[in-house]
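# A closer look at the structure
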Amino acid sequence: MLVSLLKKTGLKLSLNDPRWGNRKDDGKKAQEGKKPGEGPPDLDQLWRDFNQRLNAFFGQKNRPDNGGNNNGNNGGGGPRPDMKGAGITAGVVGVIAVFIWLASGAFIVQEGQNGVVMTFGKYTRTTPAGFNWRWPYPFQTDETVNVSQVRTVEVGYRQSLRTKQADESLMLTDDENIIDIQFAVQYTLKGPVDWLFQNRDQEDTLRQVAETSIREVVGRSKMDFVLYEGREKVAYETQTLMQQIVDRYKLGALITNVTMQAVQPPEQVQAAFDDAVKAGQDRERQKNEGQAYANDVIPKARGAAFRLMEEAEAYSAMVTENAAGNASRFKQVLVEYQKAPAVTRDRMYLETMQHVFSSASKVMIDAKSGSNLLYLPLDKLIAQTAATDASAAAARAAAPATTTVLPQEAMPTVEVNTRRSSRERESR
């Protein structure tokens, strides 16, 4: 705006202007061997030209000076026209300077950011995204904070996993083992005022909070748990504990994620640890094989034991039922015996002999009438019968038991002997 005003007034600030310099001294400079117009610019003449052009711009006309003297006073003794024009010029320049100074208090906050306005270094207010204004320096200052950006803090390494920070990554577990952990913490800002004013070095503070939190979580866990199945749980507990400490410190950060980059034993014992891991894997394999064998044998043994128990119970029930049946049969026989003792005795004797003869291959009969001893070769008779009828022999071999048939010539002797024995028992 000042440049456009100078253009409108026609003022040219150029060292090549021939009017620069003192015109009164041109003759002297010429006598001294210098060309007219050389030397430093005449500031008084420059100021007078500027006032004249500025008065012409505002519609004012210069009054002729008395006697052609530019420094003379008017007849009324009033102020000189150059001094009045200088006051107007100073006022315009002051207004322009004030306007520029006030305009310097304007600032723009981008989307996803917050502006923090401070008065003499003390927090005053927080501005949203868009065009905002504050009192210019030195009264107020502003600082823009990006609250949507996801920031990252690395613990145990810097930029790459190869650049380890041993003082941060080495930790002690609950079973007194040393473990090397490298992880990254991602966070956003939820309180720009707390982020700016509550702590000095925010990122270093957040790194120390992360290191403290994970050391506490790892110190409560076993080494194998941290290395294998417990990584996600360790990361979750670390994130929760970090958020609690950050809120207690009023850091103004929101922990969004904790990512485990590398979890391993120290490099000095890596080989021994690998051997221990292999031994543990072999132990687990053998345990699984033993468990598989047990799962195969134990059900079979239980099944066999259950079968034996069932068979024993069945045998017990069979014996009990047979005994009960025999007792019932004996009672029934007793009733019939009481009705006809002789017939019952003969029937019982015949049934007993039939049972004996069915399981014996040889039968000897002692007759009291003579000293002859009768011999019945039942085995040979059975063999002859089997030879004569092959088909009947095959059927008898398939059958569980057969009934032995005595030859006809032996039957009368047996019957006589049986009857005589019956009569003898009756006579007795």
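Everything below is about the structure printed above this text.
Below, the structure is looked at part by part. (Residues numbered from 1 in each chain as written. Predicted model: local features only at pLDDT ≥ 70, side-chain atom pairs only at ≥ 80, totals over all residues. Heavy atoms only, no water.)

## Considering the environment of Arg207
You can see Arg207 is positioned in helix H7 (residues 202-219). Sequence separation of Arg207 and Glu154 is 53 residues, and the distance between their C-alpha atoms is 7.3 Å. In this structure Arg207 touches Val153, Glu154, Val155, Arg158 and Glu168, once residues within four positions along its chain are discounted. (Helix = DSSP H or I, 4+ residues; strand = E, 2+ residues; numbered from the N terminus. Contact = heavy atoms within 4.5 Å.)

## Structural notes on the environment of Ser221
The topology assignment puts Ser221 in the loop between H7 and helix H8 (223-227). Under the relative-accessibility criterion, Ser221 is labelled buried at 9%. Between the C-alpha atom of Ser221 and that of Thr173, which follows or precedes it by 48 residues, the distance is 6.0 Å. Among residues more than four places away in sequence, those in contact with Ser221 are Thr173, Asp174, Asp175 and Val226. (Buried < 20%, exposed > 50% of the residue type's maximum accessible area, 1.4 Å probe, protein only.)

## Points about the pattern of salt bridges
Counted by the stated rule, this structure contains 16 salt bridges. Among the salt bridges present, the one from Glu267 reaches Lys164, with a minimum N-O distance of 3.0 Å. Residue Glu267 is found in the loop between strand E11 (253-264) and helix H10 (270-339), and its partner Lys164 is found in strand E8 (residues 160-164); the two are separated by 103 residues along the sequence. Residue Glu267 is classed as exposed on the basis of its relative accessible area, which comes to 59%. What makes Lys164 partly exposed here is its relative accessible area of 30%. With a closest N to O distance of 3.7 Å, Glu237 and Arg220 form a salt bridge. In this pair, Glu237 is assigned in helix H9 (residues 231-249) and Arg220 in the loop between H7 and H8, connecting sequence segments 17 residues apart. One salt-bridge network, in which partners are shared between bridges, spans Lys164, Asp180 and Glu267. (Salt bridge = Lys/Arg side-chain N within 4 Å of Asp/Glu carboxyl O.)

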